[in-house]
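Below, each chain spelled out in residue letters.
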Amino acid sequence: MGHKDKSFRREMMARLRSMLSIGRSKHKDKKAHGSRGIKEHIYSWDTFHAYKRWVSTFCDWCKKNGRPTDMASCRPLARGWIQSLIDEGKSPWTIALARSALSKTYGCEGNDIMADIPLCARKSIKRSRHSVGMDARIEEGWKPFIEFCRATGLRRHEIKKLHGSDLREDSRGAYALYVKGKGGRERIAPIIGDKVAIDAVVEKCMAAGSGLVWANVPDKLDIHSYRAEYAQAIYNDAARPLDTLSKKDRYVCRRDRKGTVYDRRALEKASHALGHNRISVVADSYLWSKESVK
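Residues numbered from 1 in each chain as written. Predicted model: local features only at pLDDT ≥ 70, side-chain atom pairs only at ≥ 80, totals over all residues. Heavy atoms only, no water.

Draft legend 1. Representation of helix α9 (residues 143-152) within the structure. Burial in α9 covers these residues: Phe145, Ile146, Phe148, Cys149, Ala151 and Thr152. Phi for Gly153, located one or two positions after α9, is positive at around 70°. (Buried < 20%, exposed > 50% of the residue type's maximum accessible area, 1.4 Å probe, protein only. Helix = DSSP H or I, 4+ residues; strand = E, 2+ residues; numbered from the N terminus.)

This is the structure:
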């Protein structure tokens, strides 16, 4: 690694580190200052490490495809780098993350990096929407784990950190998991399903005691698809007939799902269970099998 490479790489990494704000409230910043209030901060280690990986990849590309001497001289190369990711067939979500890493580092809008990045359309997302060849082979040996995921809706990193003591029972005898999700925010994830499914989760957690519930979490299982099944079940349980709802109680999708209608209250319940703040995320990214109702 040459001296110049070290110089611009060091500068960009220092910029990212300067924005690291673990423990700071993103919600309060956004409430007080709007979207501008969160531009100068990175609120979670997961986000920081993801951005760091992409910025490092960008630096490697700049070294091979230009002669930058500092952070500023790298920026004109950003468009070419993003285009190279598109040419490699990277998914829209991957491209959006790479663009976000650069826009955060340079303190600009994503469109300032590249305005014509393809949208993250539902039809472009293949994994977690359709079965692939390896799914059946992998899932065969992990049935108890998969049923656990379908009953709890946990993210991969949440499952890895789940302890048996995170299981709670309320006054009505209903069980839930108290977990820390993105940004360290605690949420209550209701355990759902029939009696067999719920009992299996409860027994697994109780057997773990204060230790980890799952010592091994497989990397190749499509956990997001199980979260989607969980979200659909939560929504279906709470949804009211659409023809009985007022306009304000309806949520109408946009873009490639334009015209699809959901019960806003049921979306909010599913959103809270999944650990998302925006109901649009649940409608667009989880409720894939819901038929359009206009």
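Draft legend 2. Region of interest: the packing of aromatic side chains. This model, assessed by the stated rule, comprises seven aromatic pairs. Residues Phe145 and Trp214 carry aromatic rings whose centres are separated by 5.0 Å and whose planes lie at 85° to one another, so their mutual orientation is edge-to-face. Of the two residues, Phe145 sits in helix α9 while Trp214 sits in the loop between α11 (195-208) and α12 (223-238), which places them 69 residues apart along the sequence. Phe145 gets classed as buried once you look at its relative accessible area, which sits at 1%. Overall, Trp214 belongs to the buried group, its relative accessible area being 12%. Ring geometry for Tyr235 against Tyr262: centres 5.5 Å apart, planes inclined by 90°, an arrangement best described as edge-to-face. Here Tyr235 is found in helix α12, whereas its partner Tyr262 is found in strand β5 (residues 261-263), with 27 residues between them in sequence. According to the relative accessible area criterion, Tyr262 is buried, its value standing at 0%. Above the face of the Tyr178 ring, Arg168 is positioned so that its terminal group lies 4.5 Å from the ring centre. Lying across the ring of Trp214, Lys204 places its NZ or CZ 4.1 Å from the centre. (Phe/Tyr/Trp six-rings, centres within 6.5 Å; stacked < 30°, edge-to-face > 60°. Lys NZ or Arg CZ within 6 Å of the ring centre and 35° of its normal.)

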